[in-house]
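Chain residues, written in single-letter form:
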Amino acid sequence: MTSSGDSGKQTYQISGTKWSGYDLESFWGRLQYYREVTSPEKSFYSEDSIRTFAKEASALEKSKMNEKGEAHLTQQEFEDYRLKKLVMASSVSPDSGETIMWATRTSAFVPTNIPIIVGMLCSPPTQMYTVFWQWLNQTYNAGLNYGNRNASSTQTTSELLQAYCIATGTAIGVAGSLRAMSGLMLKGQTGGIAQFLTYFIGYAAVASSSSANVYAMRMGEIKSGVAVRDEEGNEYG
């Protein structure tokens, strides 16, 4: 960012992802960037607002960005533009350009997970409740993985159905097996040890089934690869 003598305007780099103000080649820069993108406040924008943001951001880039990727803007103009880009980053597929369904946006991960987590922690530790909450949790995770997939790698409906069944089936199988084993593991245990083992069983079920979920729902990307693009959006294969 450099100063400009044009009515308090400054020169901002807005090409590619430079508008974020973060060094995305460093871990810390990416962490800060995704902290903003996944912030729950970014999820509370309607689909119409997101479409408007996309049009306005595109219009600004076409009218004010020069060949160096710079734009002369007031601080308020840049902040408005940056907010629109952050909302789009969390709500629009960069491959298809389609708006991602609200519940599966990365910015909606926290608000949608709160009721699931509360249910998993507060329900009685029975086989029925364990299976239900693991199924619901992994169904949501499957939707999240699908909504944020790389659209350059396509999957048929049957492949998606197979992936969903693998993801949720693994969750139910692991959780159900661990819950069935918990009777033996908890036998004779009381107090803190019993509580720790109960939480550990839940954690092991979620961790293992979530790993299987990612693999199953992204199987198409793993097998056939994805399109590689530079920060300007040019595809290299």
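Residues numbered from 1 in each chain as written. Predicted model: local features only at pLDDT ≥ 70, side-chain atom pairs only at ≥ 80, totals over all residues. Heavy atoms only, no water.

### Considering the overall build of the chain
Note the following rule: For the purposes of this entry, the term helix denotes a DSSP run of H or I that reaches at least four residues, the term strand denotes a run of E that reaches at least two, and both are numbered from the N terminus. Any two residues whose heavy atoms approach within 4.5 Å are treated as being in contact. Each accessible area value is a Shrake-Rupley result obtained with a 1.4 Å probe; residue values ignore everything except the protein chains displayed when judging cover.
Helix and strand counts for the chain stand at eight helices and three strands. What you see in the chain, going N to C, is helices and strands ordered as β-β-α-α-β-α-α-α-α-α-α. Taking all contacts inside the chain whose residues are at least 6 apart in sequence as the whole, residues at least 24 apart take part in 69%. Of the roughly 13800 Å² that the chain leaves accessible, carbon and sulfur atoms contribute 60%.

### Quick notes on the packing of aromatic side chains
Note the cut-off: Stacked, tilted and edge-to-face are the three classes assigned to paired rings of Phe, Tyr and Trp, where Trp is represented by its six-membered ring and a pair needs centres within 6.5 Å; plane angles under 30 degrees give stacked, over 60 edge-to-face, the rest tilted. Throughout this description, buried means an accessible area under 20% of the type-specific maximum (1.4 Å probe, protein chains only), exposed means over 50%, and partly exposed covers the range between.
Counting across every chain of the model gives eight aromatic pairs. A centroid spacing of 4.1 Å and a plane angle of 5° characterise the contact between Tyr-12 and Phe-78, whose relative ring orientation is stacked. With Tyr-12 in strand 2 (residues 10-13) and Phe-78 in helix 3 (residues 75-91), the pair connects residues that are 66 residues apart, well separated along the chain. No difference in accessibility class separates Tyr-12 from Phe-78, as the two residues are buried. Clustering of aromatic rings is evident, with ring pairs tying together Trp-19, Tyr-33 and Tyr-34.

### Description of the environment of Tyr-140
Applicable threshold: Here a polar contact is recorded for every N or O atom pair within 3.5 Å, except that within protein the pair must consist of a potential hydrogen donor and a potential acceptor, and residues adjacent in sequence are included only if both atoms are side-chain atoms.
Turning to its location among the elements, Tyr-140 is positioned in helix 5 (residues 127-147). The exposure class assigned to Tyr-140 is buried, which follows from its relative accessible area of 11%. Along the backbone, Tyr-140 and Thr-168 are 28 residues apart, and their C-alpha atoms lie at a distance of 9.7 Å. Those residues in contact with Tyr-140 that lie beyond four places of it in its chain are Ala-103, Ala-108, Phe-109, Thr-112, Asn-113 and Ile-116. Looking at Tyr-140, its side chain comes within polar contact range of the side chain of Thr-112, at 2.9 Å.

### Some remarks on helix 4 (residues 109-122)
Applicable threshold: Between the first and last residue of a helix there are one fewer steps than residues, each counted as 1.5 Å, and that sum is the expected span. The reported bend at a residue is simply the angle between two axes, fitted to the 7 residues ending at it and to the 7 residues beginning with it.
For helix 4, spanning 14 residues, the distance from its first C-alpha to its last is 20 Å, which sits close to the expected 20 Å at 1.5 Å a residue. At Pro-115, helix 4 shows its maximal bend, which comes to roughly 25°. Of the residues making up helix 4, those classed as buried are Thr-112, Asn-113, Ile-116 and Gly-119. Turning to helix 4, the residues buried within the fold contact helix 5.

### Thoughts on the packing of helix 2 (residues 47-64) against helix 3
Put simply, the rule is: Lines fitted to the C-alpha atoms define the axes, with helices restricted to the stretch that makes contact. Angles between their N-to-C directions range from 0 to 180 degrees. Angular relationships are summarised with four words: roughly parallel below 35 degrees, roughly antiparallel beyond 145, roughly perpendicular across 65 to 115, and oblique for the angles in between. Each crossing gets its handedness from the near helix: less than a right angle anticlockwise from the far helix is left-handed, clockwise is right-handed. Residue classes follow a fixed rule: Ala, Val, Leu, Ile, Met, Phe, Trp, Tyr, Cys and Pro count as nonpolar, while Asp, Glu, Lys and Arg count as charged, and any other residue, Gly among them, counts as polar.
Between helix 2 and helix 3, the shortest axis-to-axis distance is 9 Å and the interhelical angle comes to 130°. Between helix 2 and helix 3, the interaxial angle falls into the category oblique. For the pair helix 2 and helix 3, the sense of crossing is left-handed. Contact residues: helix 2 offers Ile-50, Phe-53, Ala-54, Glu-56, Ala-57, Leu-60, Glu-61 and Lys-64, while helix 3 offers Glu-77, Tyr-81, Lys-84, Lys-85, Val-87, Met-88 and Ser-91. Per-class residue counts for the contact of helix 2 with helix 3 are eight nonpolar, one polar and six charged.

### Remarks on the environment of Pro-125
One can find Pro-125 in the loop between helix 4 and helix 5. Since its relative accessible area comes to 55%, Pro-125 is described here as exposed. Residues Pro-125 and Arg-179, 54 residues apart in the sequence, show an inter-C-alpha distance of 8.0 Å. Among all residues touching Pro-125, those that are not within four sequence positions of it are Thr-130 and Arg-179.

### Focus on the nonpolar core
What counts, and what does not: Throughout this description, the term nonpolar core refers to a set of buried Ala, Val, Leu, Ile, Met, Phe, Trp, Tyr and Cys residues connected via side-chain atoms within 4.5 Å.
Residues Ile-14, Trp-19, Leu-73 and Tyr-81 are the most contacted members of the largest nonpolar core, which totals 17 residues. Counting residues per element, the ones that place at least two in this core are helix 1 (27-37), helix 2, strand 3 (70-73) and helix 3. Per element, the largest residue contribution to this core is five residues, and it comes from helix 3.

### Digging into the packing of helix 4 against helix 5
How two helices sit against one another is set out by the angle between their axes and by the gap between those axes. Relative orientation of the contacting elements helix 4 and helix 5 amounts to 165°, with a least axis distance of 10 Å. In this view, helix 4 runs roughly antiparallel relative to helix 5, as classed from their interaxial angle. Here helix 4 and helix 5 pass one another in a crossing that is left-handed. Only Trp-133, Gln-134, Leu-136, Asn-137, Tyr-140 and Leu-144 of helix 5 make contact with helix 4, whose side of the interface consists of Phe-109, Thr-112, Asn-113, Pro-115, Ile-116, Gly-119 and Met-120. Class assignment for the residues of the contact of helix 4 with helix 5 results in eight nonpolar, five polar and no charged.

### Digging into the pairing of strand 3
Quick note on the threshold: By this definition, two strands are paired if DSSP reports at least two bridges between them.
Going residue by residue along strand 3, you find Ala-71 and Leu-73 tucked away on one face and Glu-70 and His-72 left uncovered on the opposite face. Pairing of strand 2 with strand 3 involves four bridges; the strand directions are antiparallel. Looking at the pairing, Tyr-12 lines up with Ala-71 of strand 3.

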